[in-house]
Amino acid sequence: MKRSSIKLADGRELVYYDLDAAADREALDRRPLEPVESVSELRLDRATGDWVAIASHRQARAYHPPADLCPLCPSRDGHHSEIPAADYEVVVFENRYPSLAGRAGRCEVVCFTPEHERSFAGLTEARARLVLEAWADRTERLASLPGIEQVYCFENRGAEIGVTLAHPHGQIYAFPFVPPRTAKMTGAAATHRAATGRNLFEDLLAEARATASRVVLAGEHWTAFVPYAPRWPYEVHLYPHRRVPDLTRLTEAERAEFPGLYLELLRRFDRLFLPEREPERADPTPYIAAWHQAPKTGGGELALHLELFTVRRAAGKLKHLAGVESGMDSFVNDVVPEAAARRLREVAS
């Protein structure tokens, strides 16, 4: 893997990741951009103990631009985008409109492919492996920054999720605090260790592997399963069999097997709601793919895993976060977990 770092016209960092060591990505950013002055503020909600980011500058970010003005496509004559090069494989750059900035953390954008109409599920295994290597590299580098507590790699796909740029991409957040969901998981893991002497996430994986009705697919080094109590209609967790804290600790064998399993999972998600009579008219399934990695503080028990879920509960129907979910953070699921796992097995390639 070749890693090439440049500076954009406004001073932000951009990094190209290439399989070809001879790749030349030295094009200059010729846009007349002013230096970035993003200011994020963190405020503590004393009623819950949760941190809230205030980032009013994000109101000016791009919102569903036409394809010919996409800021994530390679630059070309007449259109200078966020990526100066005329082509790329995988690229990561600092977000111009970040939720977290300065002392309040850092946000980066990850572009998986230069092809505007492609999706992650349409990548080759080699390209998906390159994305994994980029995630691991960014995790290591961002975690080393002063004040960073946790690195979170994720992809939002689909307008129903709230995506405002159609180009296939994900994001990386470097949090200066431990986010609420991570705090809940580390707390639950500590309680489990005190009660049983065992690791919670190792037990969750072992229980899922022993319960065939919730396993979606498995390899030599990874297993994908529907959790016992999922929050979302179709939710799959992907665990390496060996407990590690983050992406940087994966072995070569684990990294090599991941792309095939993950791409198959994504393709199954896209087949969940295919109409029987006109499958070509199906809308791509909206989803969130979220990597959970151990934070620096109190994260010794948390195991690396990926959570993949969709807000679509049936063809043409969304799972909206209504009064009980949004108001009380108490989820109600419309789909039986075992039925969701069965459906995901049925739509295998």
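Quantities reported herein were computed from a predicted structural model and do not represent experimental measurements.

Visitor: Would you explain the side chain of glutamate 13 in this entry?
Guide: Inspection of the secondary structure puts glutamate 13 in strand S2 (residues 13-18). The class for glutamate 13 is buried, based on a relative accessible area of 17%. In terms of polar contacts, glutamate 13 uses its side chain to reach the side chain of serine 5, at 3.2 Å. Those residues in contact with glutamate 13, other than ones at most four positions away along the chain, are Arg3, Ser5, Ile6, Lys7, Val92, Phe93, Glu94, Arg106 and Arg138.

Visitor: Can you help me understand empty space enclosed by the protein in this one?
Guide: It is a probe the size of a water molecule, rolled over the atoms, that shows where empty space is left. Tallying each qualifying case throughout the model produces one cavity of 30 Å³ or more. As a volume, the largest cavity reaches approximately 40 Å³. Residue lining of the largest cavity: Phe112, Phe120, Trp135, Phe154, Glu155, Tyr262, Ala289, Trp291 and Leu306, and that is the complete set. Those elements that provide at least two residues to the lining of the largest cavity are strand S7 (150-157) and strand S12 (287-292). Partitioning the lining of the largest cavity into residue classes produces eight nonpolar, no polar and one charged.

Visitor: What is the right way to look at the environment of glutamate 301 in this model?
Guide: Within the secondary structure layout, glutamate 301 lies in the loop between S12 and strand S13 (305-310). The spatial distance from the C-alpha of glutamate 301 to the C-alpha of methionine 185 is 9.1 Å, given a sequence separation of 116 residues. Glutamate 301 has contacts with Ala189, Arg193, Arg198, Asn199, Phe201 and Arg243, leaving out every residue within four places of it along the chain. Engagement of the side chain of glutamate 301 in a polar contact is seen with the side chain of arginine 193, the distance being 3.2 Å.

Visitor: Explain the layout of surface pockets to me, please; I cannot follow it from the model alone.
Guide: The calculated volume of the largest pocket comes to roughly 1,600 Å³. Lining the largest pocket are 47 residues, with Pro180, Arg181, Thr182, Arg231 and His292 sitting closest to its centre. Sort the elements by how many residues they give to the lining of the largest pocket and helix H2 (residues 180-196) lands first, with six residues. Residues that form the lining of the largest pocket fall into these classes: 29 nonpolar, eight polar and ten charged. Roughly 600 Å³ of internal volume is contained in the second largest pocket. Forming the walls of the second largest pocket are 27 residues, and the residues nearest its centre are Arg61, Ala62, Asn95, Thr164 and Leu165.

Reading guide: rules and limits
- Residues numbered from 1 in each chain as written.
- Predicted model: local features only at pLDDT ≥ 70, side-chain atom pairs only at ≥ 80, totals over all residues.
- Heavy atoms only, no water.
- Helix = DSSP H or I, 4+ residues; strand = E, 2+ residues; numbered from the N terminus.
- Buried < 20%, exposed > 50% of the residue type's maximum accessible area, 1.4 Å probe, protein only.
- Polar contact = N/O pair within 3.5 Å; in protein donor to acceptor, adjacent residues only side chain to side chain.
- Contact = heavy atoms within 4.5 Å.
- 1 Å grid on protein atoms, 1.4 Å probe; cavity = no way out; pocket = protein on both sides within 12 Å on 5 of 7 lines; lining within 4 Å.
- Points joined across faces, edges and corners; volume = space filled by probe spheres on them.
- Nonpolar A, V, L, I, M, F, W, Y, C, P; charged D, E, K, R; others polar.

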